[in-house]
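Structural description and commentary
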Amino acid sequence: MTISDQAKEAIARVLEEGETAIDATMGNGWDTVFLAETVGPSGKVLAFDVQEAALKKTDKRLERAGVRERCQLVHQGHETMGEHVSGGVGAVMFNLGYLPYADRSVITTEGTTLRALQTAREILRPGGVIAIICYRGHPGGQDEARAVWQWVLAQSESLQVDAPKDFPVGDGPFLLALTK
Ligand SMILES: C[S@@+](CC[C@H](N)C(=O)[O-])C[C@H]1O[C@@H](n2cnc3c(N)ncnc32)[C@H](O)[C@@H]1O
């Protein structure tokens, strides 16, 4: 099972039909489609990205999947999440790094990712989940992954944390999950 499948599985266990979910890193829209299908026609998905190219690709993908009407695509960084939704969110998904086949210099970074995670934690409903896939094969990826891993471990007094106890060696991707 891929890391992406594991992240989806963690979300599918918790996210219910009719709920609101957030794709914090829209990219090519694969995760947005997954979230939209999981929440169903009565649910809602907010998806964020700083790149116009991501919104265009995702828009087409959602149309093709027949789930466009339940999704709101936000051309802003995920650090603005709190301006768009104030609570009751069933799941927030982060797929960190760069947009494949596009400008690899546009990457998620520690400062804004941690701000978004803090907000995600606040707007999550009890029992809701945050899933984070950390990629670190690109410049800056390792530093962001370490900062996110440390932040996640620091939440363990108040949230259920699924994360490696030691920072994983190497530069392969790894999954972090938090349940409220
Ligand atoms: C690994 S890709 C996401 C892949 C995506 N989930 C998919 O299913 O195709 C990471 C994305 O994060 C975006 N990104 C970078 N900084 C961001 C920010 N501050 N807020 C939201 N997205 C950001 C990049 O533009 C890129 O599209």
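Residues numbered from 1 in each chain as written. Predicted model: local features only at pLDDT ≥ 70, side-chain atom pairs only at ≥ 80, totals over all residues. Heavy atoms only, no water.

Per an unreviewed UniProt entry, the protein carries the name SAM-dependent methyltransferase and comes from Roseibacillus persicicus.

What follows deals with the pairing of strand β2 (residues 44-48). Counting buried residues along β2, four of its five residues qualify, which places the element largely inside the surrounding structure. For the crossover from strand β1 (residues 20-23) across helix α2 (residues 30-39) to β2, the handedness is right-handed. With four bridges connecting them, β2 and strand β3 (residues 71-74) associate as parallel partners. Pairing of leucine 46 across the sheet is with glutamine 72, part of β3. In this fold, the crossover linking β2 to β3 by way of helix α3 (residues 52-65) has right-handed handedness. (Buried < 20%, exposed > 50% of the residue type's maximum accessible area, 1.4 Å probe, protein only. Helix = DSSP H or I, 4+ residues; strand = E, 2+ residues; numbered from the N terminus. Right-handed = clockwise from strand over helix to strand, strands pointing away. Pairing = 2+ DSSP bridges.)

Moving on to the site of the ligand. In the vicinity of the ligand there are 22 residues, among which Thr25, Asp31, Asp49, Gln51 and His78 approach most closely. Between asparagine 28 and the ligand, the recorded distance is 2.9 Å, taken from a backbone N or O atom to an oxygen atom. The protein chains hide 94% of the 610 Å² of surface that the ligand would expose on its own. Of the residues contributing to the shell around the ligand, the split by class is nine nonpolar, ten polar and three charged. (Near = heavy atom within 4 Å. Polar contact = N/O pair within 3.5 Å; in protein donor to acceptor, adjacent residues only side chain to side chain. Areas by Shrake-Rupley, 256 points an atom, 1.4 Å probe, with all protein chains shown as cover. Nonpolar A, V, L, I, M, F, W, Y, C, P; charged D, E, K, R; others polar.)

A few words now on the side chain of aspartate 23. Among the secondary structure elements, aspartate 23 is positioned in strand β1. As a buried residue without a salt bridge, aspartate 23 has its nearest oppositely charged side chain in arginine 61, at a separation of 9.3 Å. Polar contacts involving the side chain of aspartate 23 include one to the side chain of threonine 32, which spans 2.7 Å. (Lys, Arg positive; Asp, Glu negative; His and termini not counted. Salt bridge = Lys/Arg side-chain N within 4 Å of Asp/Glu carboxyl O.)

Before going further, it helps to spend a moment on the packing of aromatic side chains. Counted according to the given criterion, the structure contains two aromatic pairs. Relative to phenylalanine 174, the ring of phenylalanine 167 lies with its centre 5.8 Å away and its plane at 90°, an arrangement referred to as edge-to-face. Take phenylalanine 167: its relative accessible area is 14%, and that puts it in the buried class. Its relative accessible area of 6% is what places phenylalanine 174 among the buried residues. Across from the ring centre of tryptophan 30, 3.6 Å away, lies the NZ or CZ of arginine 61, which sits over that ring. (Phe/Tyr/Trp six-rings, centres within 6.5 Å; stacked < 30°, edge-to-face > 60°. Lys NZ or Arg CZ within 6 Å of the ring centre and 35° of its normal.)

Taken as a whole and judged by the stated rule, the model has four salt bridges. Linking glutamate 19 and arginine 125 is a salt bridge whose minimum nitrogen-to-oxygen distance equals 2.5 Å. One end of the pair, glutamate 19, is in the loop between α1 (3-12) and β1; the other, arginine 125, is in strand β5 (residues 124-134), with 106 residues separating them in the sequence. Aspartate 59 is paired through a salt bridge with arginine 68; the nearest N and O atoms lie 2.5 Å apart.

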